[in-house]
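One-letter residues, chain by chain:
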Amino acid sequence: MTVAVRVIPCLDVDAGRVVKGINFTSLRDAGDPVELAAIYDAEGADELTFLDITASSGGRETTYDVVRRTAEQVFIPLTVGGGVRSEDDIDRLLRAGADKVSLNTAAIARPDLLAEAARRFGSQCVVLSVDARRFTGVSAAGAAPPPSGFEVTTHGGRRGTGIDAVGWARRGAELGAGEILLNSMDADGTKAGFDLELIRAVRRAVTVPVIASGGAGEVAHFAPAVDAGADAVLAASVFHFGTLRIGEVKDALRAAGRPVR
Amino acid sequence: MRAGQPAVVVLDYGSGNLRSAMRALARVGADVTVTADPDAALDADGLVVPGVGAFAACMAGLRAVGGDKLIAQRLAAGHPVLGICVGMQVLFASGVEHGLLTEGCGLLPGTVEQLEAGVLPHMGWNTVSPPAGTSLFAGIGPDERFYFVHSYALRYAHAGLLRDSGALITWTTHGEPFAAAVEDGALAATQFHPEKSGDAGAALLSNWLERIR
């Protein structure tokens, strides 16, 4: 009776359509999120994550509809993130059928949002999404290097904040986030494996579950992320383009002695 | 209500993923209504009490719609009730969160407490160990997993009264053993979310519907 390692496909959704960009820039359209969610469910996904990258507020309405339709057909947990700015946004997403909501930029701008959301909705549905990048010496004006060597970024990794990524994860959990979605902006899109050092550092800093994201390219990449301390592994493009199947990833984890569903 | 379908009310007291519970129950053949209407909740073949978040907040919400009394009335009459997650926890005598003790519905003995585990919340899919005579888990294999997301539970270490009560207890472990489900006459409760547990969850909900027909 050990909780299984969760394998989580992430769907990037723009105005109701699934997209995925390599390093978040060159976007490629690829289909109906609800259909894809049902396929992932059938293939054994343990959870689903929608990342809403819709820029226009009008387009964001379609996101609620996508969440609603997905929750009606798929009976596994659904996390929605991207552009979530307020308690009202969280409330709407939860009412539409999301089980968890991930906060990123809005929590950086106002960390108390994490505490307020946790108080109102419970920590179990508040995920702090951290886009971490190795500090390169070029950061926000005048900022000292982050002690952990990892910096929180925004805008798909293009902008440094000067905030230490490991410290931010710790603080986020203290404020009330029930889970950390840890995105390595260095590894994202490289398909060269997860950033194990980053996972280890955050694992040491928090006691809430950690979802490792960024860098998955082959089935052998997943077990090391778990060994580094990840409770769950998330990937988008390798699943989306069929490079890897969820079942294959689980088989590899099982063969490595890790519990899977 | 359509003929042959058990009528289920999902109690709407401001907590829980009501849409998911509704859809999952409908999927296995229930005629589901989401409401806080006391008459509907009393008359239904089965009452589902969902719940997420803090014990104290859920208990306050439940009392605000008279849910605690509804549940007790139903159980006294032998009418089925299914508590899910914090909806299970509030059925116990009390719960302690952040050092604060809150009185629960008192329909099961014991105090819900924080688990001792390296990683909390216990979030994800775990196996469970049901007792002989279970009807909730009938036909569900030992390798099936259910979706949990919680930090508090009825811990085995402090479950003496519950064990002595004769209730059927399903155990699982995260850091330490705790009650994953309880069956006691008309009362059924799961710490996990059957409505989010895929096919295994559907099988469990289907078993519950069989009982309430």
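Shown above is the structure to which this text applies.
Below is a summary of the structure that appears in this document.

Cut-offs and rules
- The residue numbers shown here count from 1 along each chain, following its written sequence.
- Chain A is the first chain written and ligand 1 is the first ligand written, with later ones labelled in order.
- Note on the predicted model: pLDDT of at least 70 is required for a residue's local features to be given, and 80 or more for side-chain atom pairs to be given and counted; whole-chain, interface and lining totals, by contrast, use all residues.
- Heavy atoms from the whole structure form the basis of all side-chain values; hydrogens and water molecules are not counted.
- Note on conventions: DSSP H or I runs of at least 4 residues are helices, E runs of at least 2 residues are strands, and numbering of each starts at the N terminus.
- As a reference, a globule follows 2.2 Å times the number of residues to the power 0.38, and the radius of gyration itself is taken over C-alpha atoms.
- Under the scheme applied here, a residue whose accessible area is under 20% of the maximum for its type counts as buried, over 50% as exposed, and between as partly exposed, the area being computed with a 1.4 Å probe on protein chains only.
- Residue contacts are defined here by distance: any two heavy atoms, one from each residue, within 4.5 Å place the two residues in contact.
- Here the accessible surface of atoms and residues is derived via Shrake-Rupley with a 1.4 Å probe, and residues count as covered only by protein chains that are part of the display.
- Any pair of N or O atoms that falls within 3.5 Å is considered a polar contact. Within protein, one atom must be able to donate a hydrogen and the other to accept it, and sequence-neighbouring residues count only if both atoms are side-chain atoms.
- Pairing between strands requires that DSSP locate at least two bridges from one strand to the other.
- Call a crossover right-handed when, viewed with both strands pointing away from you, the route from the first strand across the helix to the second goes clockwise.
- Lines fitted to C-alpha atoms define the axes, with helix axes restricted to the stretch in contact, and inter-axis angles between N-to-C directions lie between 0 and 180 degrees.
- Each aromatic pair joins two rings of Phe, Tyr and Trp (for Trp, the six-membered one) with centres within 6.5 Å, and gets the label stacked for planes under 30 degrees apart, edge-to-face for over 60, and tilted for any other angle.
- Put simply, a charge is over a ring when the Lys NZ or the Arg CZ is close to the ring centre, within 6 Å, and near the line of the ring normal, within 35 degrees.

## A look at the overall build of chain B
Inference 1: For chain B, the helix and strand inventory stands at seven helices and 13 strands.
Inference 2: A globule of 213 residues ought to have a C-alpha radius of gyration of about 17 Å, and chain B, at 16 Å, matches this closely.
Inference 3: In terms of its C-alpha atoms, chain B occupies a principal-axis envelope of roughly 50 × 40 × 30 Å.
Inference 4: Taken over 213 residues, chain B has a buried fraction of 59%.
Inference 5: Taking contacts inside chain B between residues at least 6 apart in sequence as the whole, the part at least 24 apart equals 69%.
Inference 6: Here chain B has roughly 7700 Å² of accessible surface; of this, 51% comes from carbon and sulfur atoms.

## As for helix α7 (residues 196-205) of chain A
Residue and element names in this part refer to chain A.
Inference 1: When we look at burial in α7, the residues that qualify are L198, I199, A201, V202, R203 and A205.
Inference 2: Turning to α7, the residues buried within the fold contact β7 (126-134), β8 (150-154), α6 (165-175), β10 (179-184), β11 (210-213) and α8 (222-227).
Inference 3: By the N-cap criterion, in which a side-chain oxygen at the helix start approaches the backbone nitrogen of a residue two or three places on, α7 is capped by D195, the distance to E197 being 3.3 Å.

## Some points on the pairing of β11 of chain A
Residues and elements named next belong to chain A.
Inference 1: The alternating pattern of β11 places V210 and A212 on one face and I211 and S213 on the opposite face, and all of these are buried.
Inference 2: Relative to β11, β10 runs parallel, the two sharing four bridges. From the neighbouring strand, I180 faces β11, where its bridge partner is V210.
Inference 3: Of the crossover connections in this fold, the one passing from β10 over α7 to the parallel β11 is right-handed.
Inference 4: When β11 meets strand β12 (residues 232-235), the two strands line up parallel, connected through three bridges. Bridge pairing links I211 to A232 in β12.
Inference 5: With α8 bridging β11 and the parallel β12, this β-α-β connection has right-handed handedness.

## Topic: helix α5 (residues 112-121) of chain A
Residue and element names in this part refer to chain A.
Inference 1: For α5, the set of buried residues is L113, L114, A115, A117, A118 and F121.
Inference 2: Its buried side turned inward, α5 meets α3 (87-96), β6 (100-103), α4 (105-109), β7 and α6.
Inference 3: Immediately beyond the C-terminal end of α5, within one or two residues, lies G122, with a positive phi of roughly 95°.

## Describing the sheet that holds strand β5 (residues 92-97) of chain B
Residue and element names in this part refer to chain B.
Inference 1: Strand order in the open sheet made by the four strands is β6-β5-β7-β10, with mixed pairing throughout. Each edge of the sheet is formed by a strand with only one pairing partner; in this case those strands are β6 (100-103) and β10 (152-153).
Inference 2: Strand direction decides the pairing type here: β5 and β6, joined by four bridges, are antiparallel. In the sheet register, V96 faces β6, and the bridge partner there is L101.
Inference 3: Across the face of the sheet, helix α3 (residues 55-64) comes into contact with β5, β6 and β7 (108-114) while running at roughly 25° to β6.

## Some remarks on the packing of aromatic side chains
Inference 1: A full pass over the atoms with the stated rule returns ten aromatic pairs over all chains.
Inference 2: On the numbers, 5.7 Å between centres and 90° between planes, the contact of F137 of chain B with F146 of chain B is edge-to-face.
Inference 3: With a centroid separation of 4.8 Å and an interplanar angle of 75°, the aromatic rings of Y156 of chain B and W171 of chain B are classed as edge-to-face. Separated by 15 residues along the polypeptide, Y156 of chain B in the loop between β10 and α6 (160-164) and W171 of chain B in strand β11 (residues 168-174) bring together distant segments of the chain.
Inference 4: Feature note: the residues F137, F146, F148, F178 and F192 of chain B constitute an aromatic cluster, connected by ring pairs.
Inference 5: Between R261 of chain A and the ring centre of W125 of chain B, over which it is positioned, the NZ or CZ distance is 3.6 Å.

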